[in-house]
Amino acid sequence: MGIGHWAWGIGHWALGIGHWALGIGHWALGKSLFLITNLKSKIAMRSQWERLLQNIGVWSGSFTRFSPQGELVNDTPSVVSLEGLNNNQTIRQIIRLREDEKVLEYSSLGRSVLFFENGEFSQGSIQLAPYSEFGAEFGFIQKNRRLRLVQIFDKNGDLDQLTLIREHFAGTEAAQRAALTIDDLLGEWRGEGVTIYPDWRSPDTFSSTLQLRLDAGRLIQSLSFGERTITSTATIKGSIIHFDQDPQKQVQVLLLPDGASANCPVKVQLRQSFILEAGWLIEPNLRQRMIRSYSDKGEWVSLTLVTERRV
């Protein structure tokens, strides 16, 4: 499957929102509950639409595809434009990859996508199903730059490909960072996070501490949030960090150009909860991570954005 199917940008997942958002109240008992629930849904959707509008503009860059082992497969120049029509009630999105062009128009958003306040977003599969392709896209925004990452798994649940999309506002400087390294990540990172939900319940906020250090060639990671602390270890081979403590649940972090990273299972499967994560080292001591969480039933349950500073 070509990169365009997953990585056209916001529009690919925003088609036919009415089908998914046929009012949550359909399952609610009683007319009053229906009206209240439907009103909350409309308010949440309007807020999400306003956050989408922060992506409006012309973004120049490239779609860079990598194998699951981090090998460069191809790099395609791109121009993605998002234009507001009808007083921003409709978005027209044009995606140009070399000579190929795709035009999308949409006026509402679907269940598969959520936006944070500054326009950052994730869209993707809402359910892991047998013999079906699965994946997600993550989008970060910083000033005149966007960084997007697409992770795709094949019909057997194996990681199939990753696409890194590096963009800047047309006419501005295309400054980029070097490829991420282990040394860029070592130390203590203190973060503030917010978690939002597909059912539009109230967001949750939290503080976290992430410590990364080397010990005899292995990476030791300790993540604390609330009263929980999770410690894990990993091997390092080139641009891949491999968390291999549990043979049944192996996870890898791929270090990518422009300070990006891709964290995901080597294989996704039912009866095991898992996360898909993208990271972006914006400055030497400033990093963001976006985490899409799935339950052991394969259901998408939340989206989290963590902003961390090294101390």
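Fair warning: this is a prediction, and the values are worked out from it, not measured in the lab.

Definitions and cut-offs
- All residue numbers refer to position in the chain's written sequence, counted from 1.
- For this predicted model, a pLDDT threshold of at least 70 governs which residues receive local features, and a threshold of 80 or more governs which side-chain atom pairs are given and counted, while totals over whole chains, interfaces and linings are taken from all residues.
- Note that water and hydrogens are dropped before the side-chain values are worked out from all heavy atoms of the structure.
- Strands here are runs of E lasting at least two residues and helices are runs of H or I lasting at least four, both read from the DSSP assignment and numbered beginning at the N terminus.
- For every residue, the accessible area (1.4 Å probe, protein chains only) is compared with the maximum for its type, and the residue is labelled buried under 20%, exposed over 50%, or partly exposed between those bounds.
- Note on contacts: a residue pair qualifies if any of its non-hydrogen atoms lie within 4.5 Å across the two residues.
- In these tables, accessible area is a Shrake-Rupley quantity obtained with a 1.4 Å probe, and a residue counts as shielded only by the protein chains included in the view.
- Nonpolar core, defined: a set of buried Ala, Val, Leu, Ile, Met, Phe, Trp, Tyr and Cys residues in which side-chain atoms within 4.5 Å join the residues together.
- Here a cavity is any set of points on a 1 Å grid over the protein atoms alone where a 1.4 Å probe fits but cannot get out, and a pocket is any open set with protein on both sides within 12 Å along at least 5 of 7 lines; a residue lines the site when it has an atom within 4 Å of a point.
- Grid points are joined across faces, edges and corners, and a volume is the space filled by probe spheres set on the points.
- By the convention adopted, Pro, Cys, Tyr, Trp, Phe, Met, Ile, Leu, Val and Ala count as nonpolar, Lys, Arg, Asp and Glu as charged, and the other residues, Gly among them, as polar.
- At least two bridges found by DSSP between two strands is the condition for calling them paired.
- Orientation is described by lines fitted to C-alpha atoms, with helices fitted over the stretch in contact, and by angles between N-to-C directions that extend from 0 to 180 degrees.
- Pairing of aromatic rings covers Phe, Tyr and the six-membered ring of Trp, with a centre-to-centre limit of 6.5 Å; geometry is then stacked below 30 degrees between planes, edge-to-face above 60, and tilted otherwise.
- The rule is short: NZ of Lys or CZ of Arg within 6 Å of the ring centre and within 35 degrees of the ring normal puts a charge over the ring.
- The term salt bridge refers to a side-chain nitrogen of Lys or Arg lying within 4 Å of a carboxyl oxygen of Asp or Glu.

Enquirer: I keep staring at the overall build of the protein chain and nothing clicks. Help me out?
Expert: Along the protein chain, the regular secondary structure elements total 5 helices and 19 strands. Looking at the 311 residues of the protein chain, the share that counts as buried comes to 48%. Sequence separation of 24 or more characterises 50% of the internal contacts of the protein chain that already satisfy a separation of 6 or more. Entry remark: accessible area of the protein chain is about 15,100 Å², with carbon and sulfur atoms responsible for 51%.

Enquirer: Help me understand the nonpolar core in this model?
Expert: Across soluble globular proteins, nonpolar side chains show a tendency to be buried alongside one another. With 33 residues, the main nonpolar core has Phe 134, Leu 256 and Leu 276 as its most contacted residues. Mapped onto this core, the elements with two or more residues apiece are β7 (134-142), β8 (145-153), β9 (159-169), β16 (260-265), β17 (274-283), β18 (286-294) and β19 (300-310). It is β17 that provides the largest number of residues to this core, a total of 5 residues. Judged by nonpolar contacts, the second largest core, of 18 residues, contains Val 80, Ile 91, Val 113 and Phe 121.

Enquirer: Whenever I open this one, empty space enclosed by the protein confuses me. Can you help?
Expert: Here the idea is plain: a probe the size of a water molecule rolls over the atoms and shows the empty space left. The final tally for this structure, using the stated rule, is 2 cavities of 30 Å³ or more. When its volume is computed, the second largest cavity comes out at roughly 30 Å³. Together, Arg 145, Arg 166, Glu 167, His 168, Ala 174, Ala 175 and Gln 176 line the second largest cavity. Element by element, the count of residues in the lining of the second largest cavity is highest for β9, at 3 residues. Its residues placed into classes, the lining of the second largest cavity shows 2 nonpolar, 2 polar and 3 charged.

Enquirer: Explanation requested: the sheet that holds β9 in the structure shown.
Expert: One key point about sheets: their strands pair by backbone hydrogen bonds, in either a parallel or an antiparallel sense. One open sheet holds the 9 strands; their spatial order is β4-β3-β2-β1-β9-β8-β7-β6-β5, and the pairing between them is antiparallel. The sheet terminates laterally at β4 (100-106) and β5 (113-115), the two strands that pair on one side only. Looking at each pair of strands side by side, their axes are set apart by 15° on average, direction ignored.

Enquirer: Whenever I open this one, the packing of aromatic side chains confuses me. Can you help?
Expert: Where two aromatic rings form a pair, the distance of their centres and the angle of their planes describe that pair. Considering all chains together, one arrives at 8 aromatic pairs under this definition. Both rings, one in Phe 134 and one in Tyr 294, keep their centres 5.1 Å apart while their planes meet at 65°; by these two values the pair is edge-to-face. You can see Phe 134 sitting in strand β7 and its partner Tyr 294 sitting in strand β18, a full 160 residues away along the chain. On the basis of relative accessible area, Phe 134 is assigned to the buried category, the value being 1%. What makes Tyr 294 buried here is its relative accessible area of 3%. Put simply, the rings of Phe 134, Phe 153, Phe 274 and Tyr 294 pair up and form one aromatic cluster. Geometry around Tyr 197 places Arg 201 over its ring, the cationic atom sitting 4.0 Å from the centre.

Enquirer: Got a minute to help me understand the pattern of salt bridges in this structure?
Expert: One pass over the structure, following the stated rule, counts 13 salt bridges. The shortest N-O distance in the salt bridge between Arg 166 and Asp 75 comes to 3.9 Å. Separated by 91 residues along the polypeptide, Arg 166 in strand β9 and Asp 75 in strand β2 (residues 72-85) bring together distant segments of the chain. A residue is classified by how much of its surface remains accessible, and Arg 166, at 14% relative accessible area, is buried. Of the charged contacts, one joins Arg 190 and Glu 188 as a salt bridge, the two residues approaching to 2.9 Å between their closest N and O atoms. Glu 188 gets classed as partly exposed once you look at its relative accessible area, which sits at 22%. The network of salt bridges with shared partners includes Glu 137, Arg 146, Arg 148 and Glu 167.

Enquirer: Mind showing me how you'd approach unusual backbone geometry here?
Expert: In this structure, Asn 88 takes a positive phi of about 65° despite not being glycine. Relative to the elements of secondary structure, Asn 88 occurs in the loop between β2 and β3 (90-97). We classify Asn 88 as partly exposed; its relative accessible area is 29%. A positive phi angle, near 55°, is found at Lys 143, a position not held by glycine.

Enquirer: Hey, could you run me through the layout of surface pockets in this one?
Expert: Roughly 1,300 Å³ of volume is contained in the largest pocket. The wall of the largest pocket is formed by 37 residues, among which Gln 221, Leu 223, Ile 230, Ile 275 and Glu 277 lie closest to the centre. Ranked by residue count, the leading element in the lining of the largest pocket is β18, at 5 residues.

Enquirer: Sorry if this is basic, but what is going on with the pairing of β17 here?
Expert: Put simply, side chains in a regular strand alternate between the two faces of the sheet. Most of β17 sits out of view: 8 of its 10 residues are buried. In this sheet, β17 lies alongside β16 in antiparallel orientation, the contact comprising 4 bridges. By the bridge assignment, Ala 262 is partnered in β17 with Ala 278. With 9 bridges joining them, β17 and β18 adopt antiparallel strand pairing. The residue bridging Ala 278 from the neighbouring strand is Met 290, located in β18. In this structure, the hairpin formed by β17 and β18 is closed by a connection of 2 residues.

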